[in-house]
Amino acid sequence: MEKLVVHGGNRLFGDIDISGAKNAAVAIIPAALMASEGTCHIDNIPSIEDVHCLERITKSLGCKIKTNVNSLDIDSSEITNLDACTEDVRRMRASYYFIGALLGRFKKARVELPGGCPIGVRPIDQHIKGFEALGATVKIEHGAVNIKADRLIGTNIFFDVVSVGATINVMLAATLAEGITTLENAAREPHVVDVANFLNFMGANVKGAGTDIIRITGVEKLYGCSYSVIPDQIEAGTFMIAAAATGGEITVKNVIPKHLESISAKLIEMGAEVIEQDDSVTVRSKGKLKGVNIKTNPYPGFPTDVQQPMSTLLCVAEGRSIVTESIWESRFKHVDELKKMGADVKVEGRTAIIEGREKLTGAVVKATDLRAGAAMVIAGLLAEGRTEIHSIEHIDRGYPNIEVKFQKLGAKIYRETIKE
Ligand code: EPZ
């Protein structure tokens, strides 16, 4: 087991290359299984535990995979197993994309129910509603989704909630359905668009991704292709917040500034300087920042996945901030850890009321989930003294080499093995 040790108080300066988007890559890898001919070459794959987990699942289904530093070659011409029921499947959320991918190509699959971060109830009823509308029969038995269809036939599907996972999953299956499928009230996140683009590179016909109506004209077959995953909006947001939190200047490179607008706007409202270039964004901050109110929302609103790092920053901003989490019901578990460092935060249901303090002080804390882990790294960087962060396996699921990237910016952050 490992922990991160942070000696806080250093202002961070420099440039950092942002990796490929986790939440795009974790859908694109299962989607690659839908190519019945040719190899998918996928670049800009982040080296994170969730991706390694998907590589193992993909292999267990019979795909041949070649891994390079930040790329993957997936040959799925000979899938031998339609039963994705392993510990890896149970460990992570995105394993549910194997349902849509296998259903689309083989019209049947058995996939264990997914795990993922403990941030609230995470139903998949909208995924199932979409698959059933396409003509599939779904049974949940022994903790697994058993799905099959004689034929998949395109139809109109109106999602009851805006769901990234359901939008992508049903889009995967509909790609190989007969006729036209229209997804309404679809999620508009950049990773939804990225998956749609990847499917189109494979020969699919998906239009409208990035709006709330996606129209998919089914095709008979998908093929291998070369593709590069978009940059990670959430990793970029985390480093932008770190610049503001430490009173430094960081340029996040290899990003799409448009995807970061809601984060940039909040940092500007707090008093930080944000300068957008073509494919990079610089965040600079000198003085004390002021508190702001935040409400998380589906894209293009403020991303829930940046709420936790941002609420750490608000703990040392002047005045009161109110943070409302409208996507997940239990995404304030990092608050108890922040309190150990001197933060003044009161959580009432889905709202956190933060009274800005002069400073935080180092403590022994834990990463309760992935983005809570990023929030604790930011807290350690801005705090006075030494912070130890435990349970960092959560952080490794989604941030590639987090300590190495922060060291490059001047942070004193190290990974240490915990002696039993
Ligand atoms: C994706 O989760 C991301 N995960 C999450 O990122 C992110 O927080 C979330 O989208 C919202 O942006 C991956 O992409 C692997 P949803 P997902 O379906 O798809 C409700 C991170 O930190 N809902 O958009 O599981 C649900 O309860 C992770 O990287 C239903 O009611 O989220 C939630 O309130 C954590 N029924 C809301 O919709 C359903 O069938 C949005 O969930 C599906 C969802």
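Reading the values: the criteria
Residues numbered from 1 in each chain as written. Predicted model: local features only at pLDDT ≥ 70, side-chain atom pairs only at ≥ 80, totals over all residues. Heavy atoms only, no water. UniProt positions renumbered as here; feature names shortened; annotations may be inferred. 1 Å grid on protein atoms, 1.4 Å probe; cavity = no way out; pocket = protein on both sides within 12 Å on 5 of 7 lines; lining within 4 Å. Helix = DSSP H or I, 4+ residues; strand = E, 2+ residues; numbered from the N terminus. Buried < 20%, exposed > 50% of the residue type's maximum accessible area, 1.4 Å probe, protein only. Contact = heavy atoms within 4.5 Å. Salt bridge = Lys/Arg side-chain N within 4 Å of Asp/Glu carboxyl O. Near = heavy atom within 4 Å. Polar contact = N/O pair within 3.5 Å; in protein donor to acceptor, adjacent residues only side chain to side chain. Areas by Shrake-Rupley, 256 points an atom, 1.4 Å probe, with all protein chains shown as cover. Nonpolar A, V, L, I, M, F, W, Y, C, P; charged D, E, K, R; others polar. Domains from an automatic or database assignment. Phe/Tyr/Trp six-rings, centres within 6.5 Å; stacked < 30°, edge-to-face > 60°. Lys NZ or Arg CZ within 6 Å of the ring centre and 35° of its normal. Points joined across faces, edges and corners; volume = space filled by probe spheres on them.

1. Things to note about the UniProt feature "binding site: UDP-N-acetyl-alpha-D-glucosamine" (unreviewed entry) in the protein
Phase 1 of the analysis: Taken from the UniProt record, the annotation "binding site: UDP-N-acetyl-alpha-D-glucosamine" (unreviewed entry) applies to R93, R122, P123, I124, D125, Q126, D305 and I327. Lining residues of the largest pocket drawn from the annotated list: R93, R122, P123, I124, D125, Q126, D305 and I327.
Phase 2 of the analysis: Note that R122 resides in the loop between strand 8 (108-112) and helix 5 (125-133).
Phase 3 of the analysis: Taking the relative accessible area as the measure of exposure, R122 reaches 23% and is therefore partly exposed.
Phase 4 of the analysis: Leave out the neighbours within four places in its chain, and R122 touches R93, G116, C117 and W328.
Phase 5 of the analysis: Note that P123 resides in the loop between strand 8 and helix 5.
Phase 6 of the analysis: Overall, P123 belongs to the exposed group, its relative accessible area being 53%.

2. Remarks on the pattern of salt bridges
Phase 1 of the analysis: Going through the model one piece at a time under the given rule, you end up with 28 salt bridges.
Phase 2 of the analysis: The closest approach of N and O atoms between E87 and R90, which form a salt bridge, is 3.2 Å. Of this pair, E87 and R90 both sit in helix 3 (residues 87-91), separated by three residues, roughly a single helical turn.
Phase 3 of the analysis: Salt-bridge contacts for K340 lead to E337; the nearest nitrogen and oxygen are separated by 3.0 Å. Residue K340 and its partner E337 are both found in helix 11 (residues 334-340); the two are separated by three residues, about one turn of the helix.

3. Digging into the site of the ligand
Phase 1 of the analysis: As a structural note, the neighbourhood of the ligand is formed by 24 residues, with K22, S163, D305, I327 and R371 the closest of them.
Phase 2 of the analysis: In the model, an oxygen atom of the ligand is placed 3.3 Å from a nitrogen or oxygen of the R122 side chain.
Phase 3 of the analysis: Here V164 contributes a backbone N or O atom positioned 2.7 Å from an oxygen atom of the ligand.
Phase 4 of the analysis: Protein contact buries 90% of the 830 Å² of open area that the ligand shows by itself.
Phase 5 of the analysis: Mapped by element, the contributors of at least two residues to the shell around the ligand are helix 1 (22-32), helix 5, helix 6 (164-175), helix 10 (304-314) and helix 12 (370-382).
Phase 6 of the analysis: For the shell around the ligand, the leading source of residues is helix 5, giving three residues.
Phase 7 of the analysis: In terms of residue class, the shell around the ligand is built from 11 nonpolar, six polar and seven charged.
Phase 8 of the analysis: When we break the shell around the ligand down by domain, the ones giving at least three residues each are domain 1 (2-19 + 231-417) and domain 2 (22-228).

4. Some thoughts on the packing of aromatic side chains
Phase 1 of the analysis: Applying the stated criterion across every chain yields a total of four aromatic pairs.
Phase 2 of the analysis: Centroid distance Y96 to Y97: 4.8 Å. Interplanar angle 75°. Geometry classified as edge-to-face.
Phase 3 of the analysis: Assessed through its relative accessible area of 3%, Y97 is described here as buried.
Phase 4 of the analysis: Of the aromatic side chains, those joined through ring pairs into one cluster are F198, F201 and Y227.
Phase 5 of the analysis: One residue, R122, lies across the ring of W328, its end atom 4.7 Å from the ring centre.

5. Some details on the layout of surface pockets
Phase 1 of the analysis: Taken as a whole, the largest pocket spans an internal volume of roughly 990 Å³.
Phase 2 of the analysis: Along the wall of the largest pocket there are 43 residues; nearest its centre are R122, V164, G165, I327 and W328.
Phase 3 of the analysis: When residues of the lining of the largest pocket are assigned to domains, at least three map to each of domain 1 (2-19 + 231-417) and domain 2 (22-228).
Phase 4 of the analysis: Approximately 340 Å³ is the volume attributed to the second largest pocket.
Phase 5 of the analysis: Lining of the second largest pocket is provided by 19 residues; of these, A244, A245, T246, G247 and V316 occupy positions nearest its centre.
Phase 6 of the analysis: In terms of residue count, the dominant contributor to the lining of the second largest pocket is helix 8 (residues 233-246) (three residues).
Phase 7 of the analysis: Taken together, the residues of the lining of the second largest pocket break down into eight nonpolar, six polar and five charged.

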